[in-house]
Amino acid sequence: LENELGSICHVDMPVVYNTVVGEESADHLKEVLEGDVNGITFTSASTVKNFNALIEKAGLKWPASKCFSIGPKTSQELNKLGIEPVESEHATIDSLVTCVKENLEDENPAK
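Source: prediction; values computed, not measured.

Enumeration over the complete set of coordinates arrives at one salt bridge. Between Lys-80 and Glu-77 there is a salt bridge, with its nearest N and O atoms 3.4 Å apart. Of the two residues, Lys-80 and Glu-77 both sit in helix α4 (residues 72-80), three residues apart, roughly one turn of that helix.

Now the structure itself:
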């Protein structure tokens, strides 16, 4: 963005947020993964990186649960870790929710 627009105008690129991993998160993750996890959703490449950092910090292996990705960049980050996610049709939360529901309902049809 800055390279493209910088030739025609001044561009400021302030950092408006920074994702960080909470120190207590590794212990909480251990507790969660001890239960029955049907699927894990990822809404950005940074959530994949942070989840992986927590997995490593907690001394855990990636769960066998199905992983769901909001879009291509998030899927690429999962692919780097050897994980093939189910990717939502559109890069929106609504589309991701629909994707999860459709996939999990297929595996666990209502009785």
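There is more to say, and it comes next.
Pairing geometry for strand β1 (residues 39-42) and strand β2 (residues 66-69), over four bridges, is parallel. Across the sheet, residue Thr-41 finds its bridge partner in β2, namely Phe-68. Crossover connection from β1 via helix α3 (residues 45-57) to parallel β2: handedness right-handed. Alignment of β2 against strand β3 (residues 86-87), held across two bridges, turns out to be parallel. When the bridges of β3 are listed, Phe-68 appears paired with Val-86. The β-α-β motif built from β2, the intervening α4 and the parallel element β3 has right-handed crossover chirality.

Let us look at the nonpolar core. By size, the foremost hydrophobic cluster in this structure holds twelve residues: Ala-26, Leu-29, Ile-40, Phe-42, Val-48, Phe-51, Leu-54, Ile-55, Ala-58, Cys-67, Leu-78 and Ile-83. Counting only elements with at least two residues in this core, the list comes to α2 (25-33), β1 and α3. When residues of this core are assigned to their parent elements, the largest contribution, four residues, is made by α3. When sequence neighbours within four positions are dropped, the list of residues in contact with Leu-54 reads Val-21, Gly-22, Ser-25, Ala-26 and Leu-29. Core analysis: the next-biggest nonpolar cluster, separate from the first, contains six residues, Ile-70, Leu-96, Cys-99 and Val-100 among them.

Let us look at a negative patch on the surface. A cluster of acidic residues, Glu-24, Asp-27, Glu-31 and Glu-34, forms a negative patch at the surface. Within the fold, Glu-24 resides in the loop between α1 (2-6) and α2.

Listed in full, the buried residues belonging to α4 are Thr-74, Ser-75, Glu-77 and Leu-78. All buried residues of α4 lie within an arc of 160 degrees about the axis, which places them on one face of the element. Of the exposed residues in α4, those oriented more than 90 degrees away from the buried face are Pro-72, Lys-73 and Lys-80. Buried residues along α4 sit in contact with β1, α3, β2 and β3. After α4 finishes, the residue Gly-82 shows a positive phi value of roughly 80 degrees.

With respect to the helices, strands and loops of the structure, Ser-95 is situated in helix α5 (residues 93-107). A relative accessible area of 12% places Ser-95 in the buried class. Not counting chain neighbours up to four residues away, the residues in contact with Ser-95 comprise Ser-88, Glu-89 and His-90.

Conventions used here
- Residues numbered from 1 in each chain as written.
- Predicted model: local features only at pLDDT ≥ 70, side-chain atom pairs only at ≥ 80, totals over all residues.
- Heavy atoms only, no water.
- Salt bridge = Lys/Arg side-chain N within 4 Å of Asp/Glu carboxyl O.
- Helix = DSSP H or I, 4+ residues; strand = E, 2+ residues; numbered from the N terminus.
- Pairing = 2+ DSSP bridges.
- Right-handed = clockwise from strand over helix to strand, strands pointing away.
- Core = buried A, V, L, I, M, F, W, Y, C linked by side-chain atoms within 4.5 Å.
- Buried < 20%, exposed > 50% of the residue type's maximum accessible area, 1.4 Å probe, protein only.
- Contact = heavy atoms within 4.5 Å.
- Patch = residues over 30% accessible without salt bridge, like charges linked within 9 Å, V, L, I, M, F, W, Y side chains within 5 Å.
- Areas by Shrake-Rupley, 256 points an atom, 1.4 Å probe, with all protein chains shown as cover.
- Lys, Arg positive; Asp, Glu negative; His and termini not counted.
- Charge placed at Lys NZ, Arg CZ, Asp CG, Glu CD.
- Arc of directions from axis to C-beta.

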